[in-house]
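Breakdown of the fold
The lines below spell out each chain.
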Amino acid sequence: MTAAGIARLAGVGRAAVSNWRRRHGDFPRPVGGTDTSPTFALGEVEQWLRDQGKLAEVPLRERVWQQIEGHPAGTAVALRQAGALLLLVRDRPAGWRDLSAHALTAALQELLARRFDGRFPLDTPVELPSLRGTADLAAELGTRQAYEFLLGRHLDANPRQYTLTPAAPAELMAALAGPVRTVLDPACGTGTLLRAAETPGALYGQDTDPDLAALTALRLALHSDGTTEVRVRPGDSLRADAFPGLRADAVLSHPPFNERNWGHEELAYDPRWEYGFPARTESELAWVQHCLAHVRDGGTVVLLMPPAAASRRSGRRIRADLLRRGALRAVIALPAGVAPPYGIPLHLWVLRRPGGGSAQPPAPHLLLVDTAELAAPGGEKAPWQTVRTAVLDAYRAFDQHGTTQERPGVSRALPVIELLDDDVDLTPARHLPPPATGGAAQLADVRDRLAATLRRTSELAPTATAGAAARWPSTTIGELARAGALVLRAGGPGSTAAGTGTGTAVLTEHDIAVGTAPTGALPPGPAEGPAEEPVLTEAGDVVVPVLGRGSAARVIDEATAGAALGRNLYLLRPDPATLDPWFLAGFLRGTANNRQASSYASTATRLDVRRLQLPRLPLADQRRYGERFRTLAAFEDALRLAGQLGEQLVQGLYDGLTDGTVQPE
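The shown structure was predicted, so the numbers you read here are calculated from the model rather than taken from an experiment. (Residues numbered from 1 in each chain as written. Predicted model: local features only at pLDDT ≥ 70, side-chain atom pairs only at ≥ 80, totals over all residues. Heavy atoms only, no water.)

1. A short note on the domain arrangement of the protein chain
As a reminder, the rule being used: These domain limits were set by an automatic method or by a database of domain assignments. A contact between two residues is defined here by any heavy atoms of the two lying within 4.5 Å. Here the buried area means the combined drop in accessible surface, using a 1.4 Å probe, for two parts upon being joined, counting both sides. We define a salt bridge as a side-chain nitrogen of Lys or Arg found within 4 Å of a carboxyl oxygen belonging to Asp or Glu. Numbering of helices and strands runs from the N terminus, with a helix taken as a DSSP run of H or I at least four residues long and a strand as a DSSP run of E at least two residues long.
According to the domain assignment, the protein chain contains domain 1 (3-157), domain 2 (167-430) and domain 3 (473-616). When each unit is reduced to the centre of its C-alpha atoms, the spacing between domain 1 and domain 2 is 36 Å. On the domain 2 side, the residues contacting the 21 residues of domain 1 number 21 residues. Between domain 1 and domain 2 the total buried area reaches about 1,900 Å² when both faces are included, carbon and sulfur atoms providing 62% of it. The largest per-residue losses of area from domain 1 upon contact with domain 2 belong to Phe 116, Phe 120 and Arg 144, which jointly make up 28% of the total buried on that side. Inspection of the region where domain 1 meets domain 2 yields 5 salt bridges. Across the salt bridge formed by Asp 117 and Arg 233, the nearest N and O atoms sit 3.6 Å from each other. Elements supplying a minimum of two residues to the side of domain 1 that touches domain 2: helix H5 (75-91), helix H6 (101-116) and helix H8 (143-157). Per-element tally for the side of domain 1 that touches domain 2: the top contributor is H5, with 8 residues.

Right, dumping it as structure tokens:
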């Protein structure tokens, strides 16, 4: 197991594990790995933690994961065995525990051969202790959720090896395709897009990584009810198409971006290039045509694309032909941060293969949507549900009527003839009319709100009274948690900002940093077995981000209570008879406090919440400090709102003066 695994077992940060190794001569020696990333024997680590009083009982999830991670044949092999066993447990829950390792291996081989045409055989005999632990985990969580947990841990441990499509954009792409019977993803990765498909009868996927293809096939089989056909193949879809004759109802894909070595030379005369031979720099347009070649006439293709694919000059002829023949139906700009690479606002391309027996002429319009222009009150980034609703409302109206009501700055159905110029630039923002400024009356209202907010900031502006440097006796958050003075919880895997479906709001890192209401939502829960319970906030809780945000802490009020805790956030729930929450939050924001509790070993600073310090003061004194910290927080909120209103007023005046709705006098 790695240092990160030890930290999870003990419920501490990685910095604490590094300190144990330096300070305790009896800490277990590494048994493998490298100097910078050593690995340790699970049994030795557990015993040391128990001897030190740092571990009472290893949670079942952690024990099973450590067995998977420490499998002698590798994690991928162990996950393949675990997935096969979970399929067996689901289909034949009784009797397998009595089988020997040899008989169980044979039973799993037979099941895999039957479900996957012998494509993914087990390469090594099974290890019974590991599989029994996996079965126990399935009894606790359900077979599907047990595999989701184990596969999720593997993906989290190898973030640079896989490009993952978050649940929210995957669900939106599936909704754009609508209910379908057969779905293909030629660059399926972990199968998130195929899982999101509505009412599928058959799922087809291909991935260049053979191990990932096997794990994805098992994931999809466990996700389905047993009636859905699952066909996943390893290999390069462009060079070695595993489904040459397939014509699916829909294709959903998040293909690799900016590939130069996609097969430009050897595929020059491939019949898939129906709309033109892509340039070496246009690998994304090769994927577009590959997907169109695999969908039936009238079928839908939804692709997650880089924004450059809409405007690069080297691809303008193919884009023009896609428009002329009515294949390209919509280009939708998403906000930055919804899918990797997170720093750029990706596009969704919705295409439909011409034909289908409807004898419809090529679509005379292209739908353009720019969700980056959507904004929540105060100018903050719009919640995902707002983005999703805007996209689906515009597309469904356009798909039904061939046009849609224009929303300045957000959506418009543009005649194709207006796009067929020398550039064929399909970037939505270039063709949408700017949002209305609201005129002088609305700007006057913004000015009045700004003036009132500035008066409030003046009233709240704090004064400072000189005093001597304090020398209080102190304690740490970890000691307070062990003493029962507060409860310490981390945001769990079920609490993510990128998701929709349950209606439970999620408090994200971004929300803490900018002081907004929760902007995320939990993904839909599993169909079988309980999901990992999210951590729900209560009024009086203190929430602290642990990654690279500097000093920040937020006291939860009644309006935010009930939201789930997002990733990379810690919740501190103080006992009101012992700790004042505003006193706690205020001292946690001290710069010196954050510096001494942070780790700077990686590219991102990480805060070890347990090491944060707090002075030991009577409750009455805590409340005196807490009231001052509460006033400071109100002043900070007023400053933030004033800045937002000021930016809104300035930009509105620029826009109004330039479009004539505001006079210069």
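2. Here we look at the sheet that holds strand E13 (residues 486-490)
For clarity, the cut-off: DSSP-based pairing: two strands are paired if at least 2 bridges between them are found. Under this scheme, a helix contributes an axis fitted over its contacting stretch, all axes are lines through C-alpha atoms, and angles between N-to-C directions fall in the 0 to 180 degree range.
With respect to topology, 4 strands assemble into an open sheet ordered E13-E19-E16-E17, the strand pairing being antiparallel. Both edges of this open sheet fall to E13 and strand E17 (554-555), since each of them pairs with a single strand only. Two strands pair when backbone bridges link them, and strand E16 (residues 542-545) and strand E19 (residues 569-574) are joined in this way by 4 bridges, in the antiparallel orientation. In the sheet register, Val 542 faces E19, and the bridge partner there is Leu 572. In the packing of helix H19 (residues 581-588) onto the sheet, the strands contacted are E16, E17 and E19, and the crossing angle to E16 comes to about 15 degrees.

3. Some points on the pairing of strand E4 (residues 202-207)
Just so we agree on the cut-off: Classification of residues uses two cut-offs on accessible area relative to the type maximum, computed with a 1.4 Å probe and protein chains only: under 20% is buried, over 50% is exposed, and between them is partly exposed. A crossover gets the label right-handed when its path from the first strand over the helix to the second runs clockwise, viewed with the strands pointing away from the viewer.
Counting buried positions over the 6 residues of E4 gives 6, a clear majority of the element. Looking at chain direction, E4 and strand E5 (residues 229-234) are connected through 6 bridges and run parallel. Residue pairing in the sheet places Asp 207 in a bridge with Pro 234 of E5. Tracing the backbone out of E4, into helix H11 (residues 210-223) and back to the parallel element E5 gives a crossover that is right-handed.

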